[in-house]
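# An overview of the molecular structure
Next come the chains, spelled out residue by residue.
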Amino acid sequence: MNCDDTIRKALEKIKHDSKICGPICGCCFSPTGATGGTVGPTGPTGATGPTGPTGPTGPTGATGATGEIGPTGPTGATGPTGPTGSTGPTGEIGPTGPTGPAGEDGDTPTFAIGTVTTGAPGSQAEVTITEV
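Basis of the calculations
Residues numbered from 1 in each chain as written. Predicted model: local features only at pLDDT ≥ 70, side-chain atom pairs only at ≥ 80, totals over all residues. Heavy atoms only, no water. Helix = DSSP H or I, 4+ residues; strand = E, 2+ residues; numbered from the N terminus. Buried < 20%, exposed > 50% of the residue type's maximum accessible area, 1.4 Å probe, protein only. Areas by Shrake-Rupley, 256 points an atom, 1.4 Å probe, with all protein chains shown as cover. pLDDT = per-residue confidence, 0-100. Patch = residues over 30% accessible without salt bridge, like charges linked within 9 Å, V, L, I, M, F, W, Y side chains within 5 Å. Salt bridge = Lys/Arg side-chain N within 4 Å of Asp/Glu carboxyl O.

### Considerations on the overall build of the protein
When helices and strands are tallied, the protein shows two helices and two strands. Reading the protein from its N end, one meets helices and strands in the order α-α-β-β. Taken across its 132 residues, the protein has 2% of its residues classed as buried. Carbon and sulfur atoms make up 58% of the accessible area of the protein, which totals about 13,000 Å².

### Let's talk about the confidence of the model for the protein
Segments scoring low in pLDDT should not have their predicted coordinates read at a detailed level. Mean pLDDT over the protein stands at 79; residues scoring 70 or higher make up 67%. For the protein, per-element mean pLDDT is lowest for helix 2 (residues 21-25), which scores 52, and highest for helix 1 (residues 3-17), which scores 75.

### Some details on a nonpolar patch on the surface
A contiguous nonpolar surface patch, about 260 Å² in accessible area, is contributed by I7, L11 and I14. Structurally, L11 can be placed in helix 1. On the basis of relative accessible area, L11 is assigned to the partly exposed category, the value being 45%.

Dropping the structure here:
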């Protein structure tokens, strides 16, 4: 069936089904002319036209599921040493430690005895000791 046959059938349906077509335009009741010749071959496809403008951005889609956790990466380089912190509070006094060993004896001093003067009986005697 070709285009002319399809159009003809559509017009006949309108003519039988519609009470408006005939009184308004009179086209549906005129006699049908003879069918034309056969349809010719399709022509070559024309050149592609220019690209049209970009349309508006569509709505954002739903968020997808969270993926699996990847492997742990390598350890990074050690960072620089931070500043010295403030001195903490003084702690409690600890227990007394054990007594240490006795030290070596020192040099014995040499003394020279000075003059002894005696006074009157019952008085004290002034003794002078001089270290040598």
